[in-house]
Amino acid sequence: YTDWGRALRQHILCAVGVPVSVGIAPTKTLAKLGADYVKKHDEHQGALDLATLTPTQQAEYLNRFPLENLWGIGWRLAPKLRAEGMFTALDVRSLRPQYARQLMGLPGAQLVQELNGTACHDLAPFDRPNRTIMRSRMFGEDTSELAPVESALATLASRAALEARREGQLAQRAILFITTNKHKPGYVAWYEDIRFDMPTNDSGAVISAILARMRTIYNPRYQYHRAGVTLYDFLPSNQLQVDLFEHIRPQTHDSSTARMNAVDAINNRFGRNLIHFASEDLSARWEPKHQLRSPRYVSRWDELPVATPVQ
């Protein structure tokens, strides 16, 4: 496994140009420890196999690993554990799972088991669908006008629906949220749950439902600062089931799917968002200012640095 890890690291370095480290172990937590350790110790040549070490050797490595660098333990939890006399990964591994759960909850008990070689976190495929899809944005400037808010929500809803289509999912519900500035007096937040008449990933249907609900809660007395759209309660797009009262209409679903597939195909070929809904263009005042954004050298020709000869 060590030879395989080193060969993998070398292949990625040659093919992609990115240096990586490889940790090999029976659990994710131990594998991450191994990968983090070899980043700072060149003698391992980028790969460390903790699974083949003796218990004594493994304990030596864990004793070198600081407590706060453990997966799941950050700067907030580390002081609490240090007060209990724990300073390294080996100290955490020695905890009784029941006591670890008292100190850190269920993740703490799982952490102890993982450090002892019992896997609690399964491997997950990269293509696993999301349970929720959220798109949110802070406005470039606070606004009390409806047009910028509608434009922002329409854009965010369209992006969320596009992601649902890419994952092959149909949303049954959505959440619209909008807030004022929490750093100013009179902070207010609205959260509206929306149930679609029919599961959908059609940008038009999502935008229509979101904007209709926004108009019911809009109040020009408030200065809106942030908004977002969350899609959830998904069904696979190839498993739409009809109902007794014909709320689910297969013909409407098929027409919607064909339309959005055509739009996505055109946008993929000729440019992102070339075809979009008119409500996304109601106003541009909500868009972030990007005044402090670093130049995008790798994606924008007009932002490349210009070299001029010295006279």
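See the structure printed just above.
Residues numbered from 1 in each chain as written. Predicted model: local features only at pLDDT ≥ 70, side-chain atom pairs only at ≥ 80, totals over all residues. Heavy atoms only, no water.

Report on the pattern of salt bridges, specifying residues and quantitative values.
For the structure on display, the rule yields 14 salt bridges. Linking Arg215 and Glu150 is a salt bridge whose minimum nitrogen-to-oxygen distance equals 2.8 Å. Remark: Glu150 occurs in helix H8 (residues 146-166) and Arg215 occurs in helix H9 (residues 203-217); sequence separation between them is 65 residues. One connected set of salt bridges, linked through shared partners, spans Arg135, Glu163 and Arg166. (Salt bridge = Lys/Arg side-chain N within 4 Å of Asp/Glu carboxyl O. Helix = DSSP H or I, 4+ residues; strand = E, 2+ residues; numbered from the N terminus.)

Report on unusual backbone geometry, specifying residues and quantitative values.
Leaving glycine aside, a negative phi is the common case for residues, and trans is the common case for peptide bonds. One non-glycine residue, Gln45, lies in the positive phi region at around 55 degrees. Positive phi outside glycine occurs at Asn273, with the angle close to 65 degrees. With respect to the secondary-structure elements, Asn273 resides in the segment after helix H10 (250-270). Judged by relative accessible area, which is 37%, Asn273 ranks as partly exposed. (Buried < 20%, exposed > 50% of the residue type's maximum accessible area, 1.4 Å probe, protein only.)

Provide a residue-level description of the nonpolar core, including the pertinent values.
Counting residues in hydrophobic clusters, the biggest one holds 30 residues, and the most contacted among them are Leu153, Ile178, Ile210, Met214 and Leu231. Breaking this core down by element, the ones donating at least two residues are strand E3 (132-143), H8, strand E4 (169-180), strand E5 (189-200), H9 and strand E6 (224-236). With 9 residues, H8 is the largest single contributor of residues to this core. Apart from the residues within four sequence positions on either side, Leu231 is in contact with Arg131, Thr132, Ile133, Ala160, Ala161, Ala164, Ala171, Arg173, Ala174, Phe196 and Val206. Counting residues in each nonpolar core, the second largest holds 26 residues, with Leu33, Val38, Leu95 and Met104 among its members. (Core = buried A, V, L, I, M, F, W, Y, C linked by side-chain atoms within 4.5 Å. Contact = heavy atoms within 4.5 Å.)

Tell me about the packing of H8 against H9, and please be specific about residues and values.
Between H8 and H9, whose axes approach to 8 Å, the crossing angle comes to 145 degrees. Considering the relative orientation of H8 and H9, their crossing is right-handed. Contact with H8, carried on its side by Leu146, Val149, Glu150, Leu153, Ala154, Ala157, Ser158, Ala161, Leu162 and Arg165, involves Ser203, Val206, Ile207, Ile210, Leu211, Met214 and Arg215 of H9 and no other residues of that element. (Axes fitted to C-alpha atoms, helices over the stretch in contact; angles between N-to-C directions. Left-handed = near helix turned anticlockwise from the far one by under 90°.)

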